[in-house]
Amino acid sequence: MSDITCRIEGRAGRITLNRPKALNALTWDMCLEIEKALIAWADDPVVKLLIIDGLPCEKAFCAGGDLAEMYATGSAGDYSYGRRFWQDEYRMNAALFNFPKPVITFLHGFVMGGGVGVGCHGSHRIVCDDTRVAMPETKVGLVPDVGGSLILARAPGRLGEYLGVTSARMGPGDAIHAGFADYYIPRDHWASLMETLVETGDWEAVDRSALPAPDSKIAAQQAEIVDLFGGETLRDIVNLLAATDSDFARSALKEMESNSPISMACAVELIHRSRAKDTIEGALEMEYRFTARSMEKGDFLEGIRAIIIDKDNAPKWRHAGPGAVPPADVAAMFQPLRADALTL
């Protein structure tokens, strides 16, 4: 059985992720198949819109990327595999972001990491009651990537910094408020909506099906998030949180304790840079500067070992804590790659 199916049905190009035992985690081949479909359908007059779903997996649209091979090759000193994977994945993310026709994504269950890169760059992003969206990369020694840094940079106030460094999960109302989704439609309405889209190619059927978004917890916390996550650096944010006597500040610090310090520090810098550039190409190029160095000079291999391979949840990070990352270490991760730079 294929890990992904790309086909034309009626007036729609359809992409379905199909790795239920792996929570639809993206493989390199899946990224290449998506890109191939995008190229083929961009100018095909039969295809009026694109539908992306992961419904063969009950629990997740896509819970991230398949990292086992990256760990195996990186641990052996071969960093080229991961770099090639990210290059191809990011090129696909950019093609999806820039696709010239409506892209309708049905985001159920877990939508995390690489799943955001496939599901959250569409024009019509649909969530339901069980949707849980997150950018948890700092937990494994990465930064929010796959173009996710651009979505975080465009989030209201300083929600991007908060979500990027804490890896907090968003429910459906949160995802819509933060700009990761557009529409709330209960999942039991999805099958009939897909049938309509396939038959008619009328993307406005999504608007007609949408219901008011559920309440958003982070919207209620936004004023405090703006006050506490507006610092120029991670150290500024940590100092503000530590000096603030509130349940929210204490909870945020606790969520950050187990994450990679260098990844969190770089996530703050990355979001600021992506906010200034405000293009998908600029965001991906900055993300790749970090990810290309993440195995050799960052915490990525140790993060995968602790969370995914050995599952001891006891990573030994390069820095003692979130306040102990020198600015020079952050700057080094974002130096231009020159001849090895990402090309889209």
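For the structure given in this document, a descriptive report is provided here. (Residues numbered from 1 in each chain as written. Predicted model: local features only at pLDDT ≥ 70, side-chain atom pairs only at ≥ 80, totals over all residues. Heavy atoms only, no water.)

## So, a nonpolar patch on the surface
A surface patch of nonpolar side chains, about 200 Å² in accessible area, is lined by I307, I308 and I309. Relative to the helices and strands, I309 resides in helix α17 (residues 300-309). For I309, a relative accessible area of 37% puts it in the partly exposed group. (Patch = residues over 30% accessible without salt bridge, like charges linked within 9 Å, V, L, I, M, F, W, Y side chains within 5 Å. Areas by Shrake-Rupley, 256 points an atom, 1.4 Å probe, with all protein chains shown as cover. Salt bridge = Lys/Arg side-chain N within 4 Å of Asp/Glu carboxyl O. Helix = DSSP H or I, 4+ residues; strand = E, 2+ residues; numbered from the N terminus. Buried < 20%, exposed > 50% of the residue type's maximum accessible area, 1.4 Å probe, protein only.)

## A few points about the pairing of strand β3 (residues 49-53)
In terms of burial, β3 is largely enclosed, as five of its five residues are buried. For the handedness criterion, the β-α-β arrangement of strand β2 (residues 12-17), helix α1 (residues 28-41) and β3 is classed as right-handed. Relative to strand β5 (residues 103-107), β3 runs parallel, the two being bridged by three bridges. Bridge pairing in β5 places I52 opposite T105. (Right-handed = clockwise from strand over helix to strand, strands pointing away. Pairing = 2+ DSSP bridges.)

## A closer look at unusual backbone geometry
The phi angle at V146 is positive, at roughly 50 degrees, despite the residue not being glycine. Note on placement: V146 falls in the loop between β8 (132-134) and α5 (148-154). When its relative accessible area of 1% is taken as the criterion, V146 is described as buried.

## Here we look at the packing of helix α2 (residues 68-75) against α17
Where α2 meets α17, the axes come as close as 10 Å, and the angle between the chain directions of the two elements is 130 degrees. Here α2 is positioned oblique relative to α17, judged by the angle of their axes. For the crossing formed where α2 meets α17, the hand is left-handed. Contacts between α2 and α17 involve M70, Y71, G74 and S75 on the former and, on the latter, F300, L301, I304, R305 and I309. Classifying every residue of the contact of α2 with α17 gives six nonpolar, two polar and one charged. (Axes fitted to C-alpha atoms, helices over the stretch in contact; angles between N-to-C directions. Parallel < 35°, antiparallel > 145°, perpendicular 65-115°, else oblique. Left-handed = near helix turned anticlockwise from the far one by under 90°. Contact = heavy atoms within 4.5 Å. Nonpolar A, V, L, I, M, F, W, Y, C, P; charged D, E, K, R; others polar.)

## Some remarks on the side chain of T16
Among the secondary structure elements, T16 is positioned in strand β2. Judged by its relative accessible area of 7%, T16 falls in the buried class. Engagement of the side chain of T16 in a polar contact is seen with the side chain of D53, the distance being 3.0 Å. The residues touching T16, leaving out its near neighbours within four places in the chain, are D3, I4, T5, R7, D53 and P56. (Polar contact = N/O pair within 3.5 Å; in protein donor to acceptor, adjacent residues only side chain to side chain.)

## Topic: the environment of Y183
You can see Y183 is positioned in strand β9 (residues 183-184). Look at Y183 and you get buried, because its relative accessible area is 14%. Sequence spacing of Y183 and S209 is 26 residues, and the spatial spacing of their C-alpha atoms is 8.9 Å. With near-sequence residues (within four places) excluded, Y183 lies in contact with H124, R125, I126, V127, I176, V206, D207 and A210.

## Let's talk about the sheet that holds strand β7 (residues 124-127)
Spatially, six strands are ordered β1-β2-β3-β5-β7-β9 in an open sheet, and the strand pairing comes out mixed. Looking at which strands have only one partner, the edges of the open sheet turn out to be β1 (4-9) and β9. Looking at chain direction, β2 and β3 are connected through five bridges and run parallel. Residue T16 lies in a different strand from β3, and its bridge partner there is D53. Of the strands in this sheet, β1, β2 and β3 are in contact with α1, which crosses β1 at around 15 degrees. The strands that helix α8 (residues 190-200) touches are β1, β2, β3, β5 and β7; relative to β5, the one it contacts most, it runs at about 165 degrees.

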